[in-house]
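Residue-level listing of the chains:
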Amino acid sequence: MRRSKKYSRTVHPLNISGLMGGRTYETGPGGFEYIVQRIPRARKVYYCPGCNGVIVPGESHIVAWTEEGWFGKEAGQRDRRHWHTSCWKAFGRAH
């Protein structure tokens, strides 16, 4: 009896972040829980609210938004912001 090759393959752990579309949950400004998504390459110019600097096309960065605000989930999604990764990390520690 032949064994199937599928049982001899290396098993890799699940990438939970990948399954969620690269999103994680982090505490952010005001103590709210933010949905944070890592973006490998910006498609256009964005302005980081942490440093007021420019995120240029092709630069990796973070998009963060909350669904816990006063005006509900849709308002949080509309108000999402693009951050330099380092600014998001520094903002979380500084405030």
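Residues numbered from 1 in each chain as written. Predicted model: local features only at pLDDT ≥ 70, side-chain atom pairs only at ≥ 80, totals over all residues. Heavy atoms only, no water.

Visitor: I'm lost on the packing of aromatic side chains in this one. Help?
Guide: For any pair of aromatic rings, the description consists of the separation of the ring centres together with the inter-plane angle of the planes. Following the criterion strictly, the structure yields two aromatic pairs and no others. When the centroid spacing of 5.6 Å and the interplanar angle of 65° are considered together, the rings of Tyr-34 and Trp-88 count as edge-to-face. Separated by 54 residues along the polypeptide, Tyr-34 in strand 2 (residues 33-39) and Trp-88 in helix 3 (residues 85-94) bring together distant segments of the chain. On the accessibility criterion, Tyr-34 (13% relative accessible area) is buried. (Phe/Tyr/Trp six-rings, centres within 6.5 Å; stacked < 30°, edge-to-face > 60°. Helix = DSSP H or I, 4+ residues; strand = E, 2+ residues; numbered from the N terminus. Buried < 20%, exposed > 50% of the residue type's maximum accessible area, 1.4 Å probe, protein only.)

Visitor: Help me understand the environment of Ser-86 in this model?
Guide: Take Ser-86: it is sitting in helix 3. On the accessibility criterion, Ser-86 (52% relative accessible area) is exposed. In sequence terms Ser-86 and Gly-50 are 36 residues apart; their C-alpha atoms lie 9.1 Å from each other.

Visitor: Explain the side chain of Gln-37 to me, please; I cannot follow it from the model alone.
Guide: Residue position: Gln-37 is located in strand 2. We classify Gln-37 as buried; its relative accessible area is 18%. A polar contact of 3.1 Å, which involves the side chain of Gln-37, links it to the side chain of Arg-23. (Polar contact = N/O pair within 3.5 Å; in protein donor to acceptor, adjacent residues only side chain to side chain.)

Visitor: Explain the pattern of salt bridges to me, please; I cannot follow it from the model alone.
Guide: Two side chains bearing opposite charge may form a pair once their charged atoms approach each other closely. The full count for this structure, using the stated rule, is one salt bridge. When the shortest N-O distance is used, the salt bridge between Glu-26 and Arg-38 registers 3.2 Å. Taken as a pair, Glu-26 in strand 1 (residues 23-27) and Arg-38 in strand 2 lie far apart in primary sequence, 12 residues in all. (Salt bridge = Lys/Arg side-chain N within 4 Å of Asp/Glu carboxyl O.)

Visitor: How should I be thinking about the sheet that holds strand 5 (residues 61-66) in this particular structure?
Guide: Strand pairing in a sheet is mediated by backbone hydrogen bonds. Such pairs are either parallel or antiparallel. Taken together, four strands build an open sheet; the order of strands is 1-2-5-6 and the sheet is antiparallel. Each edge of the open sheet is held by one strand with a lone partner, namely strand 1 and strand 6 (81-83). Averaged over all pairs of adjacent strands, the angle between strand axes in this sheet comes to 35°, irrespective of strand direction. (Pairing = 2+ DSSP bridges. Axes fitted to C-alpha atoms, helices over the stretch in contact; angles between N-to-C directions.)

Visitor: Help me understand the pairing of strand 1 in this model?
Guide: Consecutive side chains along a regular strand alternate between the two faces of the sheet. As judged from the five bridges shared by strand 1 and strand 2, these two strands associate in the antiparallel manner. Across the sheet, residue Tyr-25 finds its bridge partner in strand 2, namely Ile-35. Here strand 1 folds back onto strand 2 in antiparallel fashion, the turn holding five residues, of which Gly-30 has a positive phi close to 75°.

Visitor: What is the right way to look at unusual backbone geometry in this model?
Guide: Leaving glycine out, the prevailing phi sign among residues is negative, and the prevailing peptide bond configuration is trans. With phi around 60°, Asn-52 is a residue other than glycine that occupies positive phi space. Among the secondary structure elements, Asn-52 is positioned in the loop between strand 3 (46-47) and strand 4 (54-55). Judged by its relative accessible area of 66%, Asn-52 falls in the exposed class.

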